[in-house]
Amino acid sequence: MIPLPVARFLPVQPTAELVFGLARPDKSCATVQLAAARSGDGTTALARDMAVVAAGPAGLRVLLVCVEPINNWPGGLMNPARLMDVDAAGLRQVAGSTLRIAALMGGEAPLTWLGRLRDWRPSFDLIVIDSPAIDRSAACVLLAPHVDATLLVVGAETTPMEAVIALRNRLWHVGGAVKGTLFNKQRRYLPRMLDAML
């Protein structure tokens, strides 16, 4: 059996703390979506890592939902040797783990997703949703009022702050709970202003 892959981009301890910080007071399933203003900011890789940490070291029953096709998911999570057959709920279990995977695309109307998420909630501790960037789809805006938290993924050195603020405002406008920001793809470790001074 192939073991669950390790998180590649998120450190385990802070990610586990973040996952447990998202827990609902009544101990029911928490749902979090990762959303970005621009394609390529890394929502897929970070959603995968969050799910892997939650299902592995944190020991939770996790559903990773991809709103787009998941053929080339990073880190080998979609390796056929890791996946069990699709179950009655349309989910694939990653062998030897508490992690399951679902894809919502495929001609379904976005509002049908809400019913599926509602049906899946009792079976999981955490549902992580990998939403496409707002420059490709409005799915994150449609889902925002129906999830417990949205985490914005920002390309640290490439995404214009105006685009991030515009996305945050759209999510707030529909009643979404933006709980934080994950800065991804950071290559510099000093702010540009300090870097320029050195």
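Structural data are supplied above this passage.
Residues numbered from 1 in each chain as written. Predicted model: local features only at pLDDT ≥ 70, side-chain atom pairs only at ≥ 80, totals over all residues. Heavy atoms only, no water.

1. As for the overall build of the chain
Scanning the chain for helices and strands turns up 6 helices and 8 strands. Here the chain holds 198 residues, and the buried ones make up 44% of them. Considering only intrachain contacts with a sequence separation of at least 6, the fraction spanning at least 24 residues in the chain is 76%. (Helix = DSSP H or I, 4+ residues; strand = E, 2+ residues; numbered from the N terminus. Buried < 20%, exposed > 50% of the residue type's maximum accessible area, 1.4 Å probe, protein only. Contact = heavy atoms within 4.5 Å.)

2. Some remarks on the pairing of strand 6 (residues 126-130)
The buried fraction of strand 6 amounts to 5 of the 5 residues, a majority that puts the element mostly inside the structure. Two strands pair when backbone bridges link them, and strand 1 (residues 30-36) and strand 6 are joined in this way by 5 bridges, in the parallel orientation. Across the sheet, the residue bridging to Ala-30 is Leu-126, located in strand 6. Note that strand 2 (residues 62-66) and strand 6 share 5 bridges and pair parallel. For Cys-66, the partnering residue across the bridge sits in strand 6 and is Asp-130. (Pairing = 2+ DSSP bridges.)

3. Side note on the nonpolar core
With 27 residues, the main nonpolar core has Val-32, Leu-34, Met-50, Val-62, Leu-99, Leu-126 and Val-128 as its most contacted residues. Going through the elements one at a time, strand 1, helix 2 (43-55), strand 2, strand 5 (99-103), strand 6 and strand 7 (149-155) are the ones with two or more residues in this core. Of all hydrophobic cores here, the second largest spans 16 residues; its members include Cys-29, Leu-114, Phe-124 and Val-147. (Core = buried A, V, L, I, M, F, W, Y, C linked by side-chain atoms within 4.5 Å.)

4. Details of the environment of Val-52
Examined against the element boundaries, Val-52 turns out to sit in helix 2. Along the backbone, Val-52 and Thr-15 are 37 residues apart, and their C-alpha atoms lie at a distance of 10.0 Å.

5. Regarding the pairing of strand 2
For strand 2, the tally of buried residues reaches 5 of 5 residues, placing the bulk of the element in the interior. For strand 2 and strand 5, the ladder comprises 5 bridges, and the chain directions are parallel. Each residue of the ladder has a partner; that of Leu-64, found in strand 5, is Ile-101.

6. Describing a nonpolar patch on the surface
Residues Met-161, Ile-165 and Phe-183 make up a contiguous nonpolar surface patch of roughly 300 Å² in combined accessible area. Within the fold, Ile-165 resides in helix 5 (residues 161-173). Relative accessible area serves as the criterion here: at 36%, Ile-165 is assigned to the partly exposed category. (Patch = residues over 30% accessible without salt bridge, like charges linked within 9 Å, V, L, I, M, F, W, Y side chains within 5 Å. Areas by Shrake-Rupley, 256 points an atom, 1.4 Å probe, with all protein chains shown as cover. Salt bridge = Lys/Arg side-chain N within 4 Å of Asp/Glu carboxyl O.)

7. Re the side chain of Thr-150
Its location among the elements puts Thr-150 in strand 7. Not counting the four nearest positions on each side in its chain, Thr-150 is found in contact with Gln-33, Ala-35, Ala-144, Leu-171, Ala-177, Val-178, Lys-179 and Gly-180.

8. Overview of helix 5
In a regular helix each residue adds 1.5 Å, so 13 residues correspond to 18 Å; helix 5 covers 18 Å between its end C-alpha atoms and thus fits that length. Along its buried surface, helix 5 packs onto strand 1, helix 4 (139-143), strand 7 and strand 8 (178-184). Of the residues one or two after helix 5, Gly-175 is the one with positive phi, at around 90°. (Expected span 1.5 Å × (residues − 1).)

9. Let's talk about the pattern of salt bridges
What the rule picks out here adds up to 3 salt bridges. A salt bridge links Arg-48 to Asp-49, with the shortest nitrogen-to-oxygen separation between them at 2.5 Å.

10. Examining the environment of Thr-158
Relative to the elements of secondary structure, Thr-158 occurs in the loop between strand 7 and helix 5. For Thr-158, the residues in contact, after removing those within four places along its chain, are Arg-38 and Asp-41.

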